[in-house]
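Structural characterization, general
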Amino acid sequence: MEKINANDIIEAIGYNNAKPSQIKVNSNLKITVYNLINIVDMMSFVKFVVDNCFDDETNEYRPEVKDFATRCAIYEYYTDVDLPGDTSEAYAFVYNTGNIIDDIISRVNQGQFNAIIDAINDKVESIVSANTSVASYHVQEVYKNMSDIADQFKIMFDGISKEDIDNFFKAMSANGINEEKFVKSYLGQRSRGGSDGVN
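What you are looking at is a predicted structure, and each value in this text was computed from that prediction instead of being measured.

**A closer look at the pairing of strand β2 (residues 30-33)**
Pairing geometry for strand β1 (residues 21-24) and β2, over 4 bridges, is antiparallel. Across the sheet, the residue bridging to Lys24 is Lys30, located in β2. Here β1 folds back onto β2 in antiparallel fashion, the turn holding 5 residues.

Now the structure itself:
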């Protein structure tokens, strides 16, 4: 079966909705709105929002930043507006121009815009889930290590009374042997399977 040429469809429907439009701010100022952005800008839009949702150092999710970052990206990628470089000024601008941003959203390709929002949500959810799994793994590792140490101490002092232990450490102290050094040496010997004495 012969396929239809995409250009014929574009020509048939006029493709007028793909052309930029303008929002009149006042008699001297107009904002250009791009109906459809290219795939590179689309991916950059998603990356910009997602990256700003997570702390650079801790990778902690910051949901309070998500809406702000999305609004900034709408201006950055769908219009010719140059946002303030200062974060506080940019924040004030995007939230004090809510009527304009609503107008921008109504003019862009809804299929693409909805896909961008879905991609952001999916990416954020994926990262949060991965972070939770990693955190859970580390907690389990810490718990396991603590349990191993507890078991080693149980074996180490099994059958010895508290009074015996106190007298033992007093005797070591009298001979210049530090308690902490003794315990570390003992645990080190167990991990190596050796039997060296405390130096």
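Still more ground to cover, so stick around.
**Some thoughts on the confidence of the model for the chain**
Residue-level pLDDT values for the chain average 80, and 64% of them are 70 or greater. Note on residues 135-139: pLDDT is under 50 here. Beyond four places in sequence and across chains, it has 0 contacts.

**Looking at the packing of helix α3 (residues 63-78) against helix α4 (residues 87-96)**
At a closest axis distance of 10 Å, the pairing of α3 and α4 adopts a crossing angle of 80°. Taken as axis vectors, α3 and α4 run roughly perpendicular relative to one another. When α3 is examined against α4, the residues Asp67, Phe68, Arg71, Cys72 and Tyr75 are found in contact with a partner set consisting of Thr87, Ala90, Tyr91, Phe93, Val94 and Tyr95. Its residues assigned to classes, the contact of α3 with α4 shows 8 nonpolar, 1 polar and 2 charged.

**Some thoughts on the pattern of salt bridges**
Across all of its chains, the model carries 3 salt bridges by this definition. The partner of Asp103 in a salt bridge is Arg107, with the nearest N and O atoms 2.9 Å apart. Placement of both Asp103 and Arg107 in helix α5 (residues 98-107) is noted, with a separation of 4 residues, approximately one turn of the helix.

**Regarding the side chain of Thr32**
Note that Thr32 resides in strand β2. Look past the residues within four positions of Thr32 in its chain and what remains in contact with it is Pro20, Ser21, Gln22, Tyr78, Thr79 and Asp80.

**Section: the environment of Lys30**
Here Lys30 is to be found in strand β2. Overall, Lys30 belongs to the partly exposed group, its relative accessible area being 47%. Taking C-alpha positions, Lys30 is 9.8 Å from Val81, a pair spaced 51 residues apart along the chain. Each residue touching Lys30, except ones within four places of it in the same chain, is listed here: Gln22, Ile23, Lys24 and Val25.

**Considering the packing of aromatic side chains**
In this structure the tally under the stated criterion is 7 aromatic pairs. Both rings, one in Phe45 and one in Tyr78, keep their centres 6.2 Å apart while their planes meet at 70°; by these two values the pair is edge-to-face. One end of the pair, Phe45, is in helix α2 (residues 39-52); the other, Tyr78, is in helix α3, and 33 residues separate them in sequence. Here Phe45 matches Tyr78 in class, with each residue buried. Summarising the aromatic geometry, the rings of Phe54 and Tyr61 are spaced 5.4 Å apart at their centres and angled 40° between planes, so their arrangement reads as tilted. Residue classification places Phe54 among the buried positions, given a relative accessible area of 4%. The exposure class assigned to Tyr61 is partly exposed, which follows from its relative accessible area of 28%. Through successive ring pairs, a cluster of aromatic residues spans Phe45, Tyr77, Tyr78 and Phe113.

**A word on the environment of Val50**
With respect to the element layout, Val50 can be found in helix α2. A residue is classified by how much of its surface remains accessible, and Val50, at 4% relative accessible area, is buried. Sequence separation between Val50 and Lys66 is 16 residues, and the spatial gap between their C-alpha atoms is 7.7 Å. Among all residues touching Val50, those that are not within four sequence positions of it are Ile120, Lys123, Val124 and Ile127.

Thresholds applied
- Residue numbers here run from 1 along each chain, matching the order of that chain's written sequence.
- Per-residue local features are limited, in this predicted model, to residues with pLDDT of at least 70; the limit for side-chain atom pairs, both in listing and counting, is 80 or more; totals at the level of whole chains, interfaces and linings are taken over all residues.
- Each side-chain value is worked out from all heavy atoms of the structure, with water and hydrogens disregarded.
- Only strands joined by at least two bridges in the DSSP assignment are considered to pair.
- Think of it this way: any DSSP run of H or I at least four residues long counts as a helix, any run of E at least two long counts as a strand, and we number them from the N terminus.
- The score called pLDDT rates the predictor's confidence residue by residue, from a low of 0 to a high of 100.
- Whether two residues touch is decided by their heavy atoms; if any such pair falls within 4.5 Å, the residues are in contact.
- Helix axes are fitted to C-alpha atoms over the stretch in contact, other axes to C-alpha atoms as well, and angles between N-to-C directions run from 0 to 180 degrees.
- Here roughly perpendicular refers to angles of 65 to 115 degrees, roughly parallel to angles under 35, roughly antiparallel to angles over 145, and oblique to all remaining angles.
- Lys, Arg, Asp and Glu make up the charged group, whereas Ala, Val, Leu, Ile, Met, Phe, Trp, Tyr, Cys and Pro make up the nonpolar group; the residues left over, Gly among them, are polar.
- Any carboxyl oxygen of Asp or Glu within 4 Å of a side-chain nitrogen of Lys or Arg constitutes a salt bridge here.
- Whether a residue is buried, partly exposed or exposed follows from its accessible area with a 1.4 Å probe, protein chains only, as a fraction of its type maximum: under 20%, in between, or over 50%, in that order.
- The criterion for an aromatic pair is that two Phe, Tyr or Trp rings (for Trp, the six-membered ring) have centres within 6.5 Å, with stacked assigned to planes under 30 degrees apart, edge-to-face to planes over 60 apart and tilted to the rest.

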